[in-house]
Amino acid sequence: MTKSPSRPPAGLPDKATLLAFLREAGSAEKADIARHFGLKGNERRMLREMIRELETDGKLGKRGRKGFAEVGALPPVGVADVVERDLDGELYVRLVEASTDAPRALLVPDNGGKTGPAPGMGDRVLVKFARGEDGWEARLIKKLDAGANKVLGVIRKSNKEVRVEPVDRKSKDVLIVPHAQAEGLRDGDLVLAAIEKGDQRYGPKRGKILEKIGHEGDARAASLIAIAAHNVPMGFSEAVEKEAEDQELPSLKGREDLRDLPLITIDPADARDHDDAVYAMRDEDPKNPDGWIVWVAIADVAAYVRPGTNLDREARDKGNSTYFPDRVEPMLPERLSNGLCSLKEGENRACMAVRMVFDKDGKKTGHKFVRGLMRSQAKLSYEQAQAAIDGQTDDTTGPIMAAILDPLWNAYRTMLKGRLKRSPLAIESPERRIRMNAEGQIISIEPRVSLEAHRLIEEMMIQANVCAAETLEQKKTPLLYRVHDAPSQEKLFNLGDFLQTIGKPWTKGEPATTKRFNKLLDETRGGDHAEVVNEVVLRSQMQAIYSAENVGHFGLNLDRYAHFTSPIRRYSDLIVHRGLIRALGLGKDGLTDREVSELPAIAEQVTMTERRSMAAERAAMDRYMAAFLQERVGATFPGRITGVTRFGLFIRLEETGADGLVPVSSLGTEYFTHDDKSHALVGERSGARWTLGRNVEVRLKEATPITGGLVFEMLSDPAPRDPNAPAPRLGQRARGPGGGGFPKRGGNRPGGPKPPKGGRPSGGLKGVRKGKRR
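Everything numeric here is computed off the predicted structure, so don't read it as measured data.

Draft legend 1. Quick peek at the overall build of the chain. For the chain, the count of helices and strands is 16 helices and 35 strands. Among the 774 residues that make up the chain, the fraction classed as buried is 52%. Pairs at least 24 residues apart make up 68% of the contacts formed inside the chain by residues separated by at least 6 positions.

Encoded structure:
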């Protein structure tokens, strides 16, 4: 936790004193630093200069929206892996997804063994970080899993031995298992195996088969692999299923009767559950001319999933539902997610609803939450609702067109004025949809169409989320915020370096704002550099997370934001619902004092589970893409360079959106230098350039569904030497044929590296519904 260091004599500190202060405090904002040292006027300006210099020197980094911390500092609470054991048997952990300079920390067990069995090498743990006398310490909160001690792999049999080859393209843990354990298993079976602990130092590791998962030839193997590889919890315990089955629809007692309010649901055509409903009407208040009243009703999950129950504990462990092309691993049992908590047409359902008032300019002027009983008037798909607005009604939409759909769209178009004035980040992030038949075979991979109906629901959900955060703050009730920090100074400098290479001005010292980013995107939209600018701006963004402390939501350009609208599939939303029940006195099943004290840990947990699900969903998509393209090895495709690294070029195909690698070893006979500022590979002899965002043609050489790996051969020619570019810097060579510097497990094989994380949409900039995560 942040401490309050002792106060020094007033006056501008030197850099060493400033760093010592931040080292002791953990982190601080500029105003806090100035107040601590008693700085005024010109001294505050000099402090800002000093902070900029320390940032440039790599000694200071951003913490939160306005705070600063010493580079290498660790957060108060974090998820870490046990990575080292010293000669005395002490364990050390390293923060998951830490920067390269992040320190290790000594793992300190809890008192009395309350967190369960002691962790071991490779285990993942939730810890509290603090500086000790001899360095960083990590006090154990709880053990999360032992995934690093397990290998998901494919059985490969021979007369000599049975091997388990990992399906993770980054893993080197090929295991040898006894023949006796493999009896009844076929070559190609997917298994989960444990690494045998011991002092073995040479040769393949020994393993023990824990369970059979499926077979690599199964049509749905990609999802099974992703679930097992990322430790996504499957199914529910008997106790949880029984609790769900014992639930009954709450009565009207203590609830507002909303059954006459013509709320409707608008969802994907294949949706099995419906957790939100909307309705809009003209505001008849003469003080609000041309204003609108918008209702958003959300399934009242808190009425069924109560604190301390088996349902609650398992939902918290899962954190959220996980979505694959062929299946969903839900957070709640079907009795709730597709039954009592699904706002089905014509059926009474318990809900939490918010009534919002907007003026003629789309500004929200007031809101009120109620706990009610509702009855959906109609169930529509996005396409069905959009077709009706476009003039093509059907038997369902025709009768409700004038009374429900027209008012909804008119209210949305008024709300849109407020959105445009707010100017949220307008990054374009196209998504792909995999269509499968009943047997699990892929029929097609196609772009998801973005309709006005999608944007209508999205904006109404965003405003409902804002209302939840505002109400809880007003009632001084702790909550889980959805926060999205502003880009770091380092990311802005990197963006400026790249924009300079394409002739776009970008003043590095100016603060990041969504309007500034949107101006850049608007100026390049439709031009030669539109896609690459969109890609680089996307990579400059931070990831959205859950937090008990608010730093605002940069991408949405909102001061406060909380997830309220999907408690069926997100535990964070359930916590917000309970907070509202507590704050507004809407029942006895609200947020408990214990949950209030655990909010930082819950925030860390649900952030971890969200990223786990995102990684699993992405891995499954990669494998399905590779399976779909396997029969087209040798075919040529148009694509675009979406990643430039020292070991090759990452290509995204136009047709399917699949990502694969062109190894640098296949690009030519000369050395290539990786120019990280211009995102290019540059030939040391010819100066020929391969640059980010360039459209190219490639031939598919290899497709490996079991790992999701695609390898391409480049057919296009590189761009000629840039006459204004400086000579390539030696010592940062990428390897061509016969050259050095290529990683041992390089990208010239299906098991090679994956695209850089920055090459995929940030977790903070997608939609708000059906598993999407703003």
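We are not done yet, so read on.
Draft legend 2. Up close: the side chain of Ser444. Mapped onto the elements of the fold, Ser444 is located in strand β24 (residues 442-447). Polar side-chain contacts of Ser444 include one of 3.3 Å to the side chain of Glu446.

Draft legend 3. Fine view of helix α6 (residues 310-318). Among all positions of α6, only Leu311, Asp312, Glu314, Ala315 and Lys318 are buried. Contacts from the buried residues of α6 go to α5 (238-245), α7 (334-340), α14 (571-584) and α16 (599-629). Downstream of α6 by one or two residues, Gly319 has phi in the positive range, about 80°.

Draft legend 4. Region of interest: the pattern of salt bridges. In this structure the tally under the stated criterion is 43 salt bridges. For Glu53, the salt bridge identified is with Lys15, shortest N-O distance 2.9 Å. Of this pair, Glu53 sits in helix α3 (residues 42-56) while Lys15 sits in helix α1 (residues 15-25); the two residues are 38 residues apart in sequence, bridging distant segments of the chain. Between Arg570 and Asp573 there is a salt bridge, with the nearest N and O atoms lying 2.8 Å from each other. The class for Asp573 is buried, based on a relative accessible area of 0%. The network of salt bridges with common partners includes Arg156, Glu165, Asp187 and Glu216.

Draft legend 5. Focus on unusual backbone geometry. Unlike most non-glycine residues, Ser423 shows phi in positive territory, near 60°. Counting through the fold element by element, Ser423 comes out in the loop between α9 (401-422) and β23 (432-436). With a phi close to 50°, His679 is a non-glycine residue in the positive phi region. Within the secondary structure, His679 is located in the loop between β30 (672-675) and β31 (680-683).

Draft legend 6. Here's a closer look at a positive patch on the surface. Together, Lys30, Lys40, Arg44, Arg45 and Arg48 line one region of the surface with positive charge. Examining the composition of the positive patch, we find that three residues originate from one element, α3, more than from any other. Among the secondary structure elements, Arg48 is positioned in helix α3. Of the residues examined, Arg48 reaches a relative accessible area of 37% and is grouped as partly exposed.

Draft legend 7. The arrangement of the packing of aromatic side chains in detail. If you walk through the whole model with that rule in mind, you get five aromatic pairs. Where Phe517 meets Phe554, the ring centres are 6.1 Å apart and the plane angle is 90°; that geometry is what we call edge-to-face. Of this pair, Phe517 sits in helix α12 (residues 514-524) while Phe554 sits in the loop between β26 (545-547) and α14; the two residues are 37 residues apart in sequence, bridging distant segments of the chain. By the burial criterion, Phe517 is buried, and Phe554 matches it. A centroid spacing of 6.1 Å and a plane angle of 90° characterise the contact between Phe647 and Phe650, whose relative ring orientation is edge-to-face. For the pair Phe647 and Phe650, one class covers both residues: buried. Every member of this aromatic cluster is reached through a ring pair, and the members are Trp506, Phe517 and Phe554.

Draft legend 8. Quick look at the pairing of strand β12 (residues 189-195). Burial analysis of β12 places seven of its seven residues in the buried class, the great majority of the element. In β12, alternate side chains face the same way, and those of Asp189, Val191, Ala193 and Ile195 on one face and Leu190, Leu192 and Ala194 on the other are all buried. Two elements, strand β9 (residues 150-157) and β12, share five bridges in a ladder whose sense is antiparallel. Bridging across to β12, Lys150 finds its partner in Ala194. Note: β12 against strand β13 (residues 205-215), seven bridges, orientation antiparallel. Each bridged residue has a counterpart across the sheet, and for Leu190 the counterpart in β13 is Gly214.

Draft legend 9. Representation of the sheet that holds β12 within the structure. Overall, mixed pairing links the five strands, which are arranged β9-β10-β11-β13-β12 in a closed barrel. Averaged over all neighbouring strand pairs, the angle between strand axes comes to 50°, with direction disregarded.

Draft legend 10. The arrangement of the environment of Leu340 in detail. Relative to the elements of secondary structure, Leu340 occurs in helix α7. Overall, the relative accessible area of 8% leaves Leu340 in the buried class. Separated by 10 residues in the primary sequence, Leu340 and Ala350 have C-alpha atoms spaced 8.2 Å apart. Those residues in contact with Leu340 that sit more than four places away from it in its chain are Gln247, Glu248, Leu249, Tyr304, Arg335 and Arg349.

Draft legend 11. The pairing of strand β17 (residues 292-299), seen in detail. For β17, the tally of buried residues reaches eight of eight residues, placing the bulk of the element in the interior. For strand β16 (residues 276-282) and β17, the ladder comprises seven bridges, and the chain directions are antiparallel. Pairing of Ala277 across the sheet is with Ala297, part of β17. Alignment of β17 against strand β20 (residues 348-358), held across eight bridges, turns out to be antiparallel. Counterpart to Ala299 in the pairing with β20 is Cys351.

Draft legend 12. Examining the environment of Ala20 more closely. As for its position among the elements, Ala20 is in helix α1. Taking the C-alpha atoms as reference points, Ala20 and Glu70, 50 residues apart in sequence, are found 8.9 Å from one another.

Draft legend 13. Structural context of the packing of helix α4 (residues 221-229) against α16. Contact geometry of α4 with α16 gives a least axis separation of 8 Å together with a crossing angle of 150°. By the criterion of interaxial angle, the relationship of α4 to α16 is roughly antiparallel. Handedness of the α4/α16 crossing: right-handed. Residues Ala222, Ser223, Ile225 and Ala226 of α4 lie in contact with α16, whose contacting residues are Ala616, Ala619, Ala620, Arg623 and Tyr624. The class makeup of the residues in the contact of α4 with α16 is seven nonpolar, one polar and one charged.

What counts as what
- Residues numbered from 1 in each chain as written.
- Predicted model: local features only at pLDDT ≥ 70, side-chain atom pairs only at ≥ 80, totals over all residues.
- Heavy atoms only, no water.
- Helix = DSSP H or I, 4+ residues; strand = E, 2+ residues; numbered from the N terminus.
- Buried < 20%, exposed > 50% of the residue type's maximum accessible area, 1.4 Å probe, protein only.
- Contact = heavy atoms within 4.5 Å.
- Polar contact = N/O pair within 3.5 Å; in protein donor to acceptor, adjacent residues only side chain to side chain.
- Salt bridge = Lys/Arg side-chain N within 4 Å of Asp/Glu carboxyl O.
- Patch = residues over 30% accessible without salt bridge, like charges linked within 9 Å, V, L, I, M, F, W, Y side chains within 5 Å.
- Areas by Shrake-Rupley, 256 points an atom, 1.4 Å probe, with all protein chains shown as cover.
- Lys, Arg positive; Asp, Glu negative; His and termini not counted.
- Charge placed at Lys NZ, Arg CZ, Asp CG, Glu CD.
- Phe/Tyr/Trp six-rings, centres within 6.5 Å; stacked < 30°, edge-to-face > 60°.
- Pairing = 2+ DSSP bridges.
- Axes fitted to C-alpha atoms, helices over the stretch in contact; angles between N-to-C directions.
- Parallel < 35°, antiparallel > 145°, perpendicular 65-115°, else oblique.
- Left-handed = near helix turned anticlockwise from the far one by under 90°.
- Nonpolar A, V, L, I, M, F, W, Y, C, P; charged D, E, K, R; others polar.

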